[in-house]
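# Structural overview
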Amino acid sequence: AITGLGAPRVINRRYVADATPFSLRTAASAAFAMATAIGAATGPGIAILLDSVGEFEFSLPFLNTQQFNGMTGPGYLMSLIWLIYTLIILFFFGEPVRSGLEELKQREEMAAERSSKQDSLLGRQSSSSVRDGQSVRRVIDELHEEGDRSSEEDFDNETRSDDVKANNTNESMGASDRSSKSVYCSCMKNITRPVIICMSLIFMKRISLESIVGSTSIITKNRYGWSIKNVGTLHLVNGIIVIPVSILSGYLSTSYEDRYMALWFLAITLLGMCFLFDPTDLFDHVSSYTYNESPLSVGPHRYITGSLIAFSGIEACESFVASLMSKVVPSALAQGTFNSGLLATLVGTGGRAVGDLFITCMGLISVRNLLNLLIIPGATLVATSIAMIRWNYELLGV
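Anyway, here's the lowdown on the structure attached to this text. Source: prediction; values computed, not measured.

### A word on the side chain of Arg259
Topologically, Arg259 is positioned in helix H9 (residues 258-276). When its relative accessible area of 11% is taken as the criterion, Arg259 is described as buried. One polar contact links Arg259 to Glu257, side chain to side chain, over a distance of 2.4 Å. Contacts of Arg259, omitting those with residues within four sequence positions, involve Ile389, Tyr393, Glu394, Leu396 and Gly397.

Following this line, the structure appears as structure tokens:
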């Protein structure tokens with residue numbers, strides 16, 4: 001259950017953000033996306049192979065007799081893989097140097113020094129003309145204040161001792177409440193506008209991705225009569241294509257900024273979703289229960305082409321958006337609980353859940369028109385993401 005909720009993804013993203021310098025951050029995110037793509041490509045392929053294995057029974061300690069078939073085989077295989085992974089982590093993993101987090105702190109300190117120097121220069125220029133007259137007046141005011149303060153301190157010292165005793169009791173009772181609220185308050189205080197923009201991009205991107213990938217089995221079965229093996233093969237090809245695209249993303253990250261490449265790959269995603277839009281279903285969705293036999297309709301070949309383009313573009317864009325978010329997150333937030341890895345995973349998981357719910361609702365409206373009912377809102381979200389980056393282009397410059 002913890003794995004399904006995205007706990008390893010949170011840890012991996014935090015290590016990518018904390019242990020890699022800014023110059024290699026996007027390349028590391030692309031490598032992480034490539035590893036995810038390899039897993040996504042291997043999973044359907046292994047599922048096809050396990051489905052072809054004959055059913056048999058075996059015994060396990062404390063669990064008695066178990067059945068191995070196409071349904072239970074993936075669960076047993078993943079249990080074995082996670083056990084091996086856990087042993088490798090226990091015996092061979094060492095904590096890396098947090099070079100990325102230290103670089104983030106240094107950048108913030110340099111920015112604070114520059115702003116303070118600018119403020120001091122402006123203040124020095126504005127106060128140079130009146131400084132002489134104010135210095136004499138300040139000395140006189142300080143002498144009067146010291147006289148008044150000495151008379152007031154005697155009275156304050158007598159009453160302060162009683163107040164401290166009463167306050168100590170109240171503070172001990174409210175300390176636990178303040179500590180529980182401090183983490184949440186510090187998180188909300190440090191969530192800046194660039195962080196909100198990146199979180200919005202991840203959320204909308206995940207909904208669009210689910211409208212492409214999560215609905216593949218339903219759409220292809222009703223429109224083209226595909227089997228489970230056909231759907232698994234498409235996911236396998238999708239994952240394989242993402243691997244060279246992720247390598248290309250890592251290479252391009254050394255020459256171009258994250259915001260620039262995110263725009264380009266979102267545009268590629270929008271192009272792929274345009275391939276998946278079927279204009280004939282807007283005018284005729286009654287004469288055929290599958291899809292209209294027309295040059296403008298989305299047939300199997302056009303669906304595969306659009307799915308490959310859109311999936312590759314949106315997966316490559318994830319590397320740049322995740323890297324951008326890890327760079328704009330303040331250091332106070334990056335070294336706390338609500339770091340960029342946790343925020344990105346929470347928002348991504350929420351977007352995936354909303355996307356799945358959206359698929360269910362659109363399927364209840366019309367299975368025949370499900371393709372357009374998903375692609376049109378998904379393409380709108382991608383276009384909104386492009387407009388959001390263009391509108392805040394200078395703000396996302398890191």
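### A closer look at the packing of aromatic side chains
Scanning all chains against the criterion turns up 8 aromatic pairs. Ring plane angle 20° and centroid distance 4.9 Å describe the contact between Phe56 and Phe68, whose orientation is recorded as stacked. Highlighted residues: Phe56 in strand E1 (residues 56-60) and Phe68 in strand E2 (residues 64-68), separated in sequence by 12 residues. Given a relative accessible area of 12%, Phe68 falls into the buried group. An aromatic cluster is present here, built from Phe56, Phe68 and Tyr76 joined pairwise through their rings. The ring of Tyr393 carries Arg259 above its face, with NZ or CZ at 4.2 Å from the centroid.

### Quick notes on the pattern of salt bridges
Tallied over the entire structure, the rule returns 7 salt bridges. Here Arg352 makes a salt bridge to Glu210, at a shortest N to O gap of 3.8 Å. Within this pair, whereas Arg352 is found in helix H12 (residues 340-365), its partner Glu210 is found in helix H6 (residues 193-213), the two being separated by 142 residues in sequence. With its nearest N and O atoms 2.4 Å apart, the salt bridge here joins Arg259 to Glu257.

### A look at the nonpolar core
For soluble globular proteins, nonpolar side chains are generally found buried alongside one another. Counting 50 residues, the largest nonpolar core has Val195, Phe265, Met273, Tyr303, Met325 and Ile389 as the members making the most contacts within it. Those elements that provide at least two residues to this core are H6, helix H7 (216-224), helix H8 (228-252), H9, helix H10 (300-328), H12 and helix H13 (370-391). Looking at which element gives the most residues to this core, the answer is H10, with 9 residues. Membership of the second largest hydrophobic core comes to 5 residues, among which are Ala37, Leu209, Phe311 and Ile314.

### Focus on the packing of H7 against H13
It is the contact of H7 with H13, at a shortest axis distance of 10 Å, that shows an interaxial angle of 140°. When the interaxial angle is binned, H7 and H13 end up oblique. Here Ile218, Ile219 and Arg223 of H7 come into contact with H13, specifically with Leu370, Leu371 and Leu374. Grouping the constituent residues of the contact of H7 with H13 by class yields 5 nonpolar, no polar and 1 charged.

### Here's the deal with H7
Within H7, burial applies to Thr216, Ile219, Thr220, Arg223 and Tyr224. Viewed end-on, H7 has its buried residues packed into an arc of 90°, placing them on one side of the element. The inward-facing, buried residues of H7 abut H6, H8, H10 and H13. Two residues or fewer past H7, Gly225 is found with a positive phi of approximately 70°.

### Re a nonpolar patch on the surface
Together, Leu80, Leu83, Ile84, Leu87, Ile88, Leu90, Phe91 and Phe92 give the surface a local cluster of nonpolar side chains, amounting to about 900 Å² of exposed area. Looking at the element boundaries, Leu80 is found in helix H3 (residues 73-92). Residue Leu80 is classed as partly exposed on the basis of its relative accessible area, which comes to 48%.

What counts, and at which threshold
Residues numbered from 1 in each chain as written. Predicted model: local features only at pLDDT ≥ 70, side-chain atom pairs only at ≥ 80, totals over all residues. Heavy atoms only, no water. Helix = DSSP H or I, 4+ residues; strand = E, 2+ residues; numbered from the N terminus. Buried < 20%, exposed > 50% of the residue type's maximum accessible area, 1.4 Å probe, protein only. Polar contact = N/O pair within 3.5 Å; in protein donor to acceptor, adjacent residues only side chain to side chain. Contact = heavy atoms within 4.5 Å. Phe/Tyr/Trp six-rings, centres within 6.5 Å; stacked < 30°, edge-to-face > 60°. Lys NZ or Arg CZ within 6 Å of the ring centre and 35° of its normal. Salt bridge = Lys/Arg side-chain N within 4 Å of Asp/Glu carboxyl O. Core = buried A, V, L, I, M, F, W, Y, C linked by side-chain atoms within 4.5 Å. Axes fitted to C-alpha atoms, helices over the stretch in contact; angles between N-to-C directions. Parallel < 35°, antiparallel > 145°, perpendicular 65-115°, else oblique. Nonpolar A, V, L, I, M, F, W, Y, C, P; charged D, E, K, R; others polar. Arc of directions from axis to C-beta. Patch = residues over 30% accessible without salt bridge, like charges linked within 9 Å, V, L, I, M, F, W, Y side chains within 5 Å. Areas by Shrake-Rupley, 256 points an atom, 1.4 Å probe, with all protein chains shown as cover.

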